[in-house]
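In case you want the letters, here they are:
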Amino acid sequence: MTGTRIAVFGGPYSNPYALRALLDDARSRGCERIFCLGDLGGFGAEPNALWPLLVDGGVECIAGNYDIAIGRGDEDCGCGYRDPRDNEFAQLIYDYTRAHTSPAFAAWMRQLPGQHRESIAGVDVHMVHGSPLMVNDFFWESLPDQDVRERLAASGADVLLCTHTGLPWQKRLDEKLVVNVGVIGRPPNDGRTEVRYAVLDLADGHAEAELVPLAYDWKSQAASMRAAGLPEAFVETIETGWWTTCLEVVPPLERSRGRYQLYRSALPTGFGAEAVSWGDVPEPGDDDLPVVPLFGSALFPARLWLYTNFHCNLRCGYCSVASSPTARRRSMSPERFASLVDEAIDNGFTEIYVTGGEPFLEPDIVAMVEYASERLPTVLLTNAMLFRGRQRTELGRLAGRPNLVVQTSIDGARPETHDRIRGKGSWARAMEGVNIAAELALPIRVGMTMTEENASEVPELGALLATLGISGRDFAVRPLVRRGFSTAAGVEIDDTNTVPELTVTTDGVHWHPAGADIETSPDMLLAAGDVPLAEAKRLVVERFLTLRQADGSLPIAYNCAV
C-alpha cells in the first residue's frame, strides 16, 4: 500500500496572503491533496479574494460555522462565544465579512458539506470543523481525556481532524489520533507572526501529523486590514502574534500562554497599591487595546519574592512560614539567587523582595543583596537584630544604594508588648538595628502585625517611629494571618482571596510569600523544584484564571503588606 501526504488547514479568515503561502508551501512539501476545514471569512479584510485561490488551488473544503452563517445570511456568525465582549468583536467582524462577501461566493459556501470522511491509505480519516458533536464546538487541548474520548467515540475514525479554536495541537489517545490543525488567518497567540497548518503522512493504516509554521506576507495583510478601517486590536494580532480579542472563551491553560488575559474593562476600579503591599503597582498603560496582561497589573504585581532561608534566630508565635532556630534550613545558594535575579529581569519583574527566615543568618546575604539591588529595586526583610560585629561591618556595604530598602518588624510601642510575641529582649535589639540602619543612611520600613494584645498601641508606635523619620507609607499595619505557627487566630487566606505575588524557595514556586512553607501551606505551592520564572508566571496566571472562572468573579485583594 502506498502512502499519501495531505495538507489540512482551518480558518483562512479572509487572509489571501496566508492562503497563497500555504498553497505554495504544501506543494513544496509534496502534499498530494489540500483540505480546508472551514471558516473562510472573518478577521481579515478580503473575503472575496479567497474564492479563486481555493478553486484554482484544488482545495477540498468543508463548511465551518462562519460559512454556514454567511451562506444563509444569518445575523451572527454562530461562533459559540458567551461573553458579551467576545461577542462584540465577533459581531463587528461578521458584519464586515457579510457586507463584503459577494452573493456568488456566499452561494458557493452554501453547497459545502459539513464534514468529510474518507479512507486514505488504509486510514479512516474524519474531518470536521469544531468536533463531531457540534460545528462550533471548542475542542481545546486542555479538555480532559474523558471529553476527548467522547468526541472520538462520536467520530469512530482512526484520525479526527478539527479546527475552530485557532490553536493547533495533536494528541494520541486509545490508539486514535486527534489533530486540531489550527488556522491560517491569524497566528496562534504565541508572539510569532507565522500561522500553522497540518501535514499528515498516511500509509499502511498508520498516520503521522506535523504542525507546520507558515511564514507569509503578514505586513500586506495588516496593511489591508488597516486600509479597510478594521479595529487596530485585530491588526495588532497580525503584527505581533498575540491575541487581543475574543479571550474569554479561551480556557486558563491556553490563555496563560498568551500575552493578554483580561479585558481592560474586567479590571476592578479603585484598587491601588495599598491593597497589595508597599510596592507601587502602575495602572495599565492606555495603548488603545481592549485587553491587558494579568502580570504587571494590580492583580498580579511584577514583584518577585526570594526566600534565602527558613531558619531564624526567633520563633514568633504567628510566623506564617513556621520559621524558627530549628526550622529546616532550605538555604538558597548565591548562584541560584543570582540566576533568579537575572531571570526576573528577563521576565519583566520590577522589584525583588528578599526574605526568610532571617536572611542575615546566611553568610553571603550582603553579596546577594548587592547583586540584586545593582539590577532591580530591592527590599530586604530582616528582624534587624543581628547588626553587630561582622554583620554590622557587612551592612555598611549596602549603605547609599538607591535601589535598596531595609524592612523590619516592630510589634508594639513598648518592649513588653513586642517581646511577648517575639521573645525577651527582641524589642531593644530590633530598635537598635533600626537606629544602626538609619546611621548608615539605609531607608527603613517597619511593619506591625496587629493582634488583640497590641492593637491599642498602633498610634503610639506610629508616633515613636516618626521621631526616627519613619512615617507615612514606611509604616504599615498588617493583620495576623492564620498560617504556619498561627493556627488558632488570624485571617484565613488562600489563593482564592489573595492577589498572587510569585515567591521562590528552594522547595519550588509559590502563590504568595505568606504561604511559602511547603509543610504548613502545601495548597499555596504552584510547582516543586527549580521552575523557570517564565513557567512560574504562567502557572500563576493559569491558577488565577481557573479560580476566577469557577464563579465568574475576580479574587479579592488581601491587604498582606508583608
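Residues numbered from 1 in each chain as written. Predicted model: local features only at pLDDT ≥ 70, side-chain atom pairs only at ≥ 80, totals over all residues. Heavy atoms only, no water.

*Asks:* Quick question: what am I supposed to make of the layout of surface pockets here?
*Replies:* To find leftover empty space, one rolls a probe the size of a water molecule over the atoms. There is about 550 Å³ of room inside the largest pocket. Across the lining of the largest pocket, the residue classes break down as seven nonpolar, four polar and six charged. (1 Å grid on protein atoms, 1.4 Å probe; cavity = no way out; pocket = protein on both sides within 12 Å on 5 of 7 lines; lining within 4 Å. Points joined across faces, edges and corners; volume = space filled by probe spheres on them. Nonpolar A, V, L, I, M, F, W, Y, C, P; charged D, E, K, R; others polar.)

*Asks:* Sorry, what's going on with the packing of helix H3 (residues 65-72) against helix H4 (residues 84-99) here?
*Replies:* Each pair of packed helices can be summarised by the angle the axes make with each other and by the distance between the axes. Axis separation between H3 and H4 bottoms out at 11 Å; the angle between their running directions is 50°. Classified by the interaxial angle, the pair formed by H3 and H4 is oblique. In the packing of H3 onto H4, the handedness of the crossing is right-handed. When H3 is examined against H4, the residues Tyr66, Ala69 and Ile70 are found in contact with a partner set consisting of Ala90, Ile93, Tyr94, Thr97 and Arg98. (Axes fitted to C-alpha atoms, helices over the stretch in contact; angles between N-to-C directions. Helix = DSSP H or I, 4+ residues; strand = E, 2+ residues; numbered from the N terminus. Parallel < 35°, antiparallel > 145°, perpendicular 65-115°, else oblique. Left-handed = near helix turned anticlockwise from the far one by under 90°. Contact = heavy atoms within 4.5 Å.)

*Asks:* Whenever I open this one, helix H6 (residues 145-155) confuses me. Can you help?
*Replies:* Spacing of three or four residues puts side chains on the same side of an α-helix, whose turn is 3.6 residues. Buried within H6 we find Val148, Arg151, Leu152 and Ser155. The buried side chains of H6 occupy one side of the element, clustering within an arc of 100° when seen end-on. Seen from the open side of H6, the exposed residues pointing more than 90 degrees away from its buried face are Gln146 and Ala153. The secondary structure elements touched by the buried residues of H6 are strand E4 (116-120), strand E5 (123-127), strand E6 (159-162), strand E7 (169-173) and strand E8 (176-180). Gly156 sits one or two positions beyond H6 and adopts a positive phi of about 80°. (Buried < 20%, exposed > 50% of the residue type's maximum accessible area, 1.4 Å probe, protein only. Arc of directions from axis to C-beta.)

*Asks:* Explain the sheet that holds strand E1 (residues 4-9) here, please?
*Replies:* Adjacent strands of a sheet form backbone hydrogen bonds with each other and so pair up, either parallel or antiparallel. Pairing in this open sheet of five strands is mixed, and the strands run E3-E2-E1-E9-E10 from one edge to the other. The open sheet terminates on both sides in strands that have one partner only, identified here as strand E3 (60-61) and strand E10 (206-214). Here strand E2 (residues 33-36) pairs with E3 via two bridges, running parallel. Within E3, the residue paired with Phe35 across the bridge is Glu60. Along the sheet face, helix H1 (residues 16-28) touches E1, E2, strand E9 (195-203) and E10 and points at about 135° away from the line of E10. (Pairing = 2+ DSSP bridges.)

*Asks:* Help me out: how do you make sense of helix H15 (residues 458-466) in this one?
*Replies:* Among all positions in H15, only Val458, Leu461, Gly462 and Leu465 are buried. On an axial view of H15, the arc spanned by its buried residues comes to 105°, and they lie on one face.

*Asks:* I would appreciate a short explanation of the state of the cysteines in the present structure.
*Replies:* Each disulfide consists of one covalent bond between the sulfur atoms belonging to two cysteines. In the structure shown here, the tally under the stated rule is one disulfide. Two residues, Cys77 and Cys79, share a disulfide whose sulfurs are 2.3 Å apart. Where Cys77 bonds to Cys79 through sulfur, the torsion about that S-S bond is close to -140°, and the disulfide is left-handed. Of the cysteine sulfurs around Cys61, a residue in no disulfide, the closest is that of Cys36, at 4.5 Å. The structure places no disulfide on Cys312, whose sulfur is separated from the nearest cysteine sulfur, that of Cys316, by 6.2 Å. What makes Cys312 buried here is its relative accessible area of 11%. (Disulfide = S-S within 2.5 Å.)

*Asks:* Would you mind showing me how to read the packing of aromatic side chains here?
*Replies:* If you walk through the whole model with that rule in mind, you get 15 aromatic pairs. Summarising the aromatic geometry, the rings of Trp51 and Phe105 are spaced 5.4 Å apart at their centres and angled 15° between planes, so their arrangement reads as stacked. Remark: Phe105 occurs in helix H5 (residues 103-110) and Trp51 occurs in helix H2 (residues 50-56); sequence separation between them is 54 residues. Overall, the relative accessible area of 26% leaves Trp51 in the partly exposed class. Owing to a relative accessible area of 1%, Phe105 belongs among the buried residues under this scheme. Between Phe89 and Tyr263, the aromatic rings sit 6.2 Å apart at their centres with planes inclined by 10°, giving stacked as the arrangement. (Phe/Tyr/Trp six-rings, centres within 6.5 Å; stacked < 30°, edge-to-face > 60°.)

*Asks:* Help me understand the sheet that holds E6 in this model?
*Replies:* Judged by pairing direction, the sheet is mixed, and its five strands sit side by side in the order E4-E5-E6-E8-E7 without closing on themselves. Since the sheet does not close on itself, it has two edges, and those belong to E4 and E7, each with one partner. Each strand of the sheet is rotated relative to its neighbour by a mean of 15°, with strand direction disregarded. Against the sheet, H6 makes contact with E4, E5, E6, E7 and E8, and its axis sits at roughly 80° relative to E7, the strand it touches most.

*Asks:* For this particular structure, what's the right way to read the environment of Ile436?
*Replies:* With respect to the element layout, Ile436 can be found in helix H14 (residues 426-439). The buried category is assigned to Ile436, whose relative accessible area is 9%. Through-space distance from the C-alpha of Ile436 to that of Gly57 is 79 Å; in sequence the pair is 379 residues apart. Those residues in contact with Ile436 that lie beyond four places of it in its chain are Phe387, Arg392 and Leu395.

*Asks:* So what exactly am I meant to see when it comes to empty space enclosed by the protein here?
*Replies:* Taken as a whole and assessed by the stated rule, the structure comprises two cavities of 30 Å³ or more. Each pocket or cavity is described by its volume, and for the largest cavity that value is around 600 Å³. Looking at the largest cavity, it is lined by 33 residues, and the ones nearest its centre are Cys319, Gly356, Ser409, Arg422 and Arg478. Listing elements by their share of the lining of the largest cavity, those giving two or more residues are strand E13 (303-307), strand E16 (404-409), strand E17 (444-450) and strand E18 (475-479). Ranked by residue count, the leading element in the lining of the largest cavity is E16, at three residues. Grouping the amino acids of the lining of the largest cavity by side-chain chemistry returns 18 nonpolar, twelve polar and three charged. The space that makes up the second largest cavity amounts to roughly 260 Å³. Taken together, 22 residues line the second largest cavity, and the ones lying closest to its centre are Tyr13, Cys79, Tyr81, Arg186 and Cys246. The element best represented in the lining of the second largest cavity is H4, accounting for three residues.

*Asks:* Would you mind showing me how to read the confidence of the model for the protein chain here?
*Replies:* One rule of thumb: low pLDDT means the predicted coordinates there are not for detailed reading. On average, residues of the protein chain score 93 in pLDDT, and 94% of them reach the 70 mark or higher. Long-range and interchain partners of residues 270-279, a stretch whose pLDDT sits below 50, account for 41 contacts in this model, where long-range means more than four residues apart. Taken together, the stretch residues 558-562 has pLDDT below 50 and engages in 29 contacts with residues farther than four places along the chain or on a different chain. (pLDDT = per-residue confidence, 0-100.)

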